[in-house]
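# Coordinate inspection notes
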Amino acid sequence: MDIGFQLFSARNYPLAEVLPKIAALGYKQAEGYGSLYTDPAALKSALDANGLVMPTAHIGLADLENTDKTLRLAETLGIKVVVCPWLAPTERPLSADGWKRFGERLQKIGRPFQAAGLAFGYHNHDFEFASYGGRYAMDLLLEAAPAVSVEADVAWIVRGKADPAAWLEQNGSRIIAVHVKDIAPAGQNANEDGWADAGHGIVPWKTLWPLIRQKTKAGYFIAEHDNPSDIDRFASRSIAFIKSLGA
């Protein structure tokens, strides 16, 4: 299994230094995000030079709705899974009906990408695990978007106070990618917004990993840290941990 690295984790570091660094550690895939796509051809050359591929990519809503532009981007970079990464606070629904309408919007956005042979998914944070009438916003979204897949960010599920094991198993047929990240114990890593390197926090990865491998369709496993203070430490510890799980 190839292991990916979400480049947003290294947004505060020069890309020209990050790519050879993660390649040397054994990462085979790099997941992109918005500001990297200014010059797709140059990005592809940089990936190629380091033996990396970009099968999954985070692309914001505005660009997703510019279908032709995003299809060209996917062709240039070899993207196979297009992921809507988040919703800005001003765009987040405040009702069950609002989340259903957003799901319908995603369903429509995804059709041209799926028609082109790409997978289309949504990446969760914690706010999708707010409850409306006893149901998570994420579940309302997915019910209204039956063709939309999921890139499951397990640490955000935990921060959303949901049961990650139950939710992952319940939605296993929709989950095609997983972010492997961690949460520091309470009161620790304040300078990293309370996040931790994979395997060095409180997320029960050793329990969840067999479930993810057996009960979901996940084929992409991507290390992420939203605010690492030391990119070398995070990148090296995280891939070592993921490999120790049996990757």
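Residues numbered from 1 in each chain as written. Predicted model: local features only at pLDDT ≥ 70, side-chain atom pairs only at ≥ 80, totals over all residues. Heavy atoms only, no water.

### Remarks on the overall build of the protein
Of regular secondary structure, the protein possesses 10 helices and 12 strands. Dimensions of the protein, computed from C-alpha atoms along their principal axes, come out at roughly 45 × 45 × 35 Å. For the protein, buried positions account for 52% of its 247 residues. Taking the contacts inside the protein whose residues are at least 6 apart along the sequence as the reference set, 74% of them involve residues at least 24 apart. Surface accessibility of the protein: about 10500 Å² in total, with carbon and sulfur atoms responsible for 50%. Between the centroid of the 25 positive side chains of the protein and the centroid of its 28 negative side chains there is a distance of 3 Å. (Helix = DSSP H or I, 4+ residues; strand = E, 2+ residues; numbered from the N terminus. Buried < 20%, exposed > 50% of the residue type's maximum accessible area, 1.4 Å probe, protein only. Contact = heavy atoms within 4.5 Å. Areas by Shrake-Rupley, 256 points an atom, 1.4 Å probe, with all protein chains shown as cover. Lys, Arg positive; Asp, Glu negative; His and termini not counted. Charge placed at Lys NZ, Arg CZ, Asp CG, Glu CD.)

### Digging into the packing of helix α5 (residues 96-115) against helix α6 (residues 137-144)
Look at α5 against α6: their axes get within 7 Å of each other, and the N-to-C directions meet at 45 degrees. On the basis of the axis angle, α5 is oblique to α6. For the pair α5 and α6, the sense of crossing is right-handed. Note on element contacts: α6 touches α5 through Ala137, Leu140, Leu141, Glu143 and Ala144, opposite Ala96, Trp99, Lys100, Phe102, Gly103, Glu104, Leu106 and Gln107. Looking at the contact of α5 with α6, its residues break down into 8 nonpolar, 2 polar and 3 charged. (Axes fitted to C-alpha atoms, helices over the stretch in contact; angles between N-to-C directions. Parallel < 35°, antiparallel > 145°, perpendicular 65-115°, else oblique. Left-handed = near helix turned anticlockwise from the far one by under 90°. Nonpolar A, V, L, I, M, F, W, Y, C, P; charged D, E, K, R; others polar.)

### Some words on the packing of helix α2 (residues 40-49) against helix α4 (residues 67-77)
Relative to each other, α2 and α4 sit at 25 degrees, their axes nearing to 9 Å. Between α2 and α4, the interaxial angle falls into the category roughly parallel. Once α2 is placed against α4, the crossing between them reads as right-handed. Along the contact surface, α2 presents Pro40, Ala41, Leu43, Lys44 and Leu47, while α4 presents Leu73, Thr76 and Leu77.

### Overview of α4
Burial in α4 covers these residues: Thr70, Leu73, Ala74 and Leu77. The arc that holds every buried residue of α4, seen down its axis, measures 100 degrees, which confines them to one face. Those residues of α4 that are exposed and aimed more than 90 degrees away from the buried face are Asp68, Arg72 and Glu75. Check the buried side of α4 and you find it contacts α2, α3 (61-64) and α5. The first or second residue beyond α4 is Gly78, which carries a positive phi of 75 degrees. (Arc of directions from axis to C-beta.)

### Quick word on the nonpolar core
Counting residues in hydrophobic clusters, the biggest one holds 76 residues, and the most contacted among them are Phe5, Leu7, Tyr122 and Leu168. In terms of residue count, helix α10 (residues 231-244) provides more of this core than any other element does, 6 residues in total. Counting residues in each nonpolar core, the second largest holds 6 residues, with Val81, Val83, Ala177 and Tyr220 among its members. (Core = buried A, V, L, I, M, F, W, Y, C linked by side-chain atoms within 4.5 Å.)

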